[in-house]
Every structure is written in structure tokens, then in C-alpha cells.
Amino acid sequence: MAATVRRAASFVLSRFLLTKPSPSPASAAGNNSALLGSGAAALHRFSTAPASAAAAAEEPIQPAVEVKHTQLLINGNFVDAASGKTFPTLDPRTGEVIARVAEGDSEDIDRAVAAARRAFDEGPWPRMTAYERCRVLLRFADLIERHAEEVAALETWDNGKTLAQAAGAEVPMVARCVRYYAGWADKIHGLVAPADGAHHVQVLHEPVGVAGQIIPWNFPLLMFAWKVGPALACGNTVVLKTAEQTPLSALYVANLLHEAGLPEGVLNVVSGFGPTAGAALCSHMGVDKLAFTGSTGTGQVVLELAARSNLKPVTLELGGKSPFIVMDDADVDQAVELAHQAVFFNQGQCCCAGSRTFVHERVYDEFVEKSKARALKRVVGDPFRDGVEQGPQIDGEQFNKILRYVQSGVDSGATLVAGGDRVGERGFYIQPTVFADAKDEMKIAREEIFGPVQTILKFSGVEEVIRRANATPYGLAAGVFTRSLDAANTLSRALRAGTVWVNCYDVFDATIPFGGYKMSGVGREKGIYALRNYLQTKAVVTPIKNPAWL
């Protein structure tokens, strides 16, 4: 498995989505036995027939992984919450409890921030050579690969994403991201600036201090790497709050990071809820910088709490309602598959999902029919089973929210051409759903659904689709599918979004910056740009006597 992970280290999600074949039902049961444990059975493809629920109704596979860490990680030790409280983390396949996890609150945030402050002010991490920090992060990446099977299984169990996605794409991307920032650790430097006079001017880049970080439930492992990687590479210490729905994988890999040699107090992980632990972290006067990934509404609260406390700088990666534009010169079959993956990837629980599918009127009817057929073929079921394309939604709250949006689409007059209901009677599975004849003013075309719902809209020209695509408070991502270089250039420059994918979608790499325009966020994740989030710039000016040069 480790060799496979190393070969996949530069994997991008689009390759996984568009080139990974689904095994036949006959071969599905035996391919992942080391990861799955026993109990794999034949697949049933989703259809509109009543038997379509069979894949989700099968007895869930017991994951071959042990839940080892359920306490808070503070000052290098796993400890109970100060209150002694715990909360359940649930298996979204069944709604049953996987484990009970320590429920941190404001007192635990105080303890974690104090540990991080001591580690920054007095500890070895900021005082290490940058190369020593690099080596710790490289050892961490090695450990992720060594434990890849357990990490992927834990992520799938707690989140509901397919094991194929977790093991084949996301765990390798986590290791790649960590290595990328390990490489940056000893390449962060300042400069000498010329001045109008006899002064020596140094510009220094220094770690900002204690970084508070809040990660979401849809990509727990990836967001851990996107946040922790650059913060640690720059020499900061961290207090990280996990999403209450998915605390297990972050606690597991945080332990690996300490095994790699991270000093105590440098990374502290508090599981808990937003109104308690999250609000305490955002408001804490001992936190020097805040980073948040989640919904736009919550991001507004995070920004307000940060401003009302010590005016700490904040980076936000928030929601989206991304347009996916199919021009009239497109290969319709390819466009249908790409648009399908752009919406339904990760159960539709993706902030940059191409959830507004704009299709040129000349190919609209063909596109709708083929999108319907593709949705009806999508394999829904236990994410531990080989060949399954779509697992359950994260929890009952998200499940019910998505179904309410589906009902609003029907009520507003959009044409429901596929799906629209739950799959099975157990767990949080939803049919891949496709709406046609949607209008811009409908809720399903305006608001972020965060589920497996494709909304297809018709357009007639480039200027029209630019105007309509930009008529949203969001600006996280966009997709363009065309054979025309002129159309690709025009659209990619005109669309107000932080990422524009041309003839591809969901291509992620450690080097590619990610973030949004407008209400989709502030700042950028990944690449060199993420380092800026965790560095202060200091000018040091010294007079020079009798300079040889200026």
C-alpha cells in the first residue's frame, strides 16, 4: 500500500474522478479486503426502480481500523475535556455511534492556547533551524503513507466519502501537501531594500505566533494539511478545532505528527462545537491569527468575533455556487461526464461544486437527457464497497436540508428529471438528483445546496452567460467546457472566481492557490500564497556610517 501511495503522491482529483473505472459487480467484493475487513457483497446499480435501494440497504462493512484517539490533544498529551463531557461521532451509513469524543469548550481552548503560547514564546519550534522543521514535516509525511490504510478507512467511516476516494486520492494528497510545505520551511527569507539615504534596511518575514484554525467536515484530512502545513513550516504554533461531525482523522494524524518529532504544545487539537469551542477560539485574546473553512454565514460570525477581540487577521475559505459552462461546440458526452463529476463528487458536499450547470441552447436537450442517464447509473451505497461512486451525506441535518432544497426545486417549477428522494431506509443516502428548466431566481440555482443535486440552466450567448454566472454573491470557482480558445480566454478572464477550470474540474495540487472572490472568502490556501497567511513582515532600519555603497 505504501508504494501505491508514493506513486499517487501527485494525484489530482480530476484524474481520479474521470479515469478511474468502476469494477464490475462480480469483481467488487475482493479487491480491498485489507482495507475493508469482511462482508463485501455484490453491487446494485442505482435506478428509479424500488430495488435501487439495495446497495445502501446491505449490511454495512465493518472497517478494519481501530479508533485509538478520542481525547483532546493539549501540550503533547491526549487528555479529557475539562468538563468531562463527551459527544458521539456517527457513522453516516447507519446513524449509529462510532465512538464518543471529548467535548472541548472555552476552558479547553484556554488550556490549548496557553500551551501553544508557551511553545511559541519559550519552546524550541520557532528557534529550530528551518531545516530541522523541514525534517519533522518530512517524517510526518512518511508516517502518513505508512499508516495510509488506517487513515483512509477512518476518514471513510467518520465522513461517508468512498474509500476509493480517500485512499486513492486524498491521503496521497495530504502527504504531498505536507512535503510541499516541508520544502518551503528553509526557503522563507526576507530581503534588503534600498533607501534614500545612509540606512541599511532589512525586511524580515517572521512567524505570526499562535494560529487558531477551524476545519470543516467535508474534507477533514485535506483541510488539516492545508491549514497545519504552512503554519508549521513558517514556525508558528497551532490550536486546531475539528468539525464536530468528523473529529477522528485529525486526532489520528496529529498523533503521527508528534511521533515524527513535533515538540509538545506546537499543535493542539480540540474537538467540540462551534458555539462553544469555536467561538472561544475566534474570540481568544491569545490567538494571533485565525483561519476558517466552512459556510459563508459562519465565516461572517468568525470575522466578527475576531474583530471584536484583538483584531486578529483572518483568512476564510467559504461557500460557493460555482457555474459550469458548456458551450455549443462541446463534445456533449465528455461535457456530461465532467459536469456530473463536478456536481456529485464527494456526495455533492464540496464548496467549489459546479452546481449551476449552464448549457448552450443548441446542445441543451441532448445534454439534459444524457445527464439524466448518467445520474441514473451512478452507484450509491456503502462507501467501503468497491465500485460505489456515492456514499451517504454527512448527517441527518444535511440530509434533510438537501431534501428540502429538492422539494423547493419541484415547487418552483423546475423539471425533476432524475432522483429526488432518499436511497434505502437506513443512513443518509440520497439519490443523484438532476433538475432541468431551472431559472436563475430559483433557490436551487441561487443557494448552496451542498448535496448531490445538479441544476441545469439554458443560455444562448457568451455575454449572457458571463452576466448570469457572475450574478451571485459567491466567487469560489467556475468551469468552462469548450473547444474554442477564444471562448476559453474570454470566459476565464470575465468570470469572477478564484479558480477557473478549463476543460477540467476539481484539479487540486499543493502548488495551486485556492480561495474565493466576494463572499466566498478572504485570502488563499495552498501554494506560496498560503505562507503569507502565517508570516509577519518586519522592517529593520539601521543607519550606516561612511557607506561604500547605497
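Residues numbered from 1 in each chain as written. Predicted model: local features only at pLDDT ≥ 70, side-chain atom pairs only at ≥ 80, totals over all residues. Heavy atoms only, no water.

S.K.: Please clarify how the pattern of salt bridges should be interpreted in this entry.
M.R.: Tallied over the full model, the rule gives 24 salt bridges. With a shortest N-O distance of 3.0 Å, E96 and R426 are connected by a salt bridge. One end of the pair, E96, is in strand 4 (residues 96-102); the other, R426, is in the loop between strand 14 (415-418) and strand 15 (433-436), and 330 residues separate them in sequence. Accessibility expressed as a relative area gives 30% for R426, which makes it partly exposed. The closest approach of N and O atoms between K227 and E525, which form a salt bridge, is 2.6 Å. Linking K227 in helix 9 (residues 220-233) with E525 in the loop between strand 19 (521-522) and helix 19 (527-531), this pair joins segments that are 298 residues apart in sequence. With relative accessibility at 7%, the residue E525 sits in the buried group. (Salt bridge = Lys/Arg side-chain N within 4 Å of Asp/Glu carboxyl O. Helix = DSSP H or I, 4+ residues; strand = E, 2+ residues; numbered from the N terminus. Buried < 20%, exposed > 50% of the residue type's maximum accessible area, 1.4 Å probe, protein only.)

S.K.: Would you explain the environment of T162 in this entry?
M.R.: Inspection of the secondary structure puts T162 in the loop between helix 7 (148-159) and helix 8 (163-184). In sequence terms T162 and F384 are 222 residues apart; their C-alpha atoms lie 6.2 Å from each other. With sequence-adjacent residues up to four places away left out, T162 is seen in contact with T156, P383, V388, E389, Q390 and G391. Within the structure, the side chain of T162 is placed 3.1 Å from the backbone nitrogen of Q165, a separation counted as a polar contact. (Contact = heavy atoms within 4.5 Å. Polar contact = N/O pair within 3.5 Å; in protein donor to acceptor, adjacent residues only side chain to side chain.)

S.K.: What is the right way to look at the environment of P473 in this model?
M.R.: By the element assignment, P473 lies in the loop between helix 17 (462-470) and strand 17 (477-481). The contacts of P473, once residues within four sequence positions are left out, are K518, M519 and S520.

S.K.: Which parts of the structure should I look at to understand the environment of A478?
M.R.: Here A478 is to be found in strand 17. With relative accessibility at 0%, the residue A478 sits in the buried group. Look past the residues within four positions of A478 in its chain and what remains in contact with it is S322, P323, L495, A497, T499, V500, W501 and Y505.

Bear in mind that shape data such as this cannot, by itself, settle questions of function.
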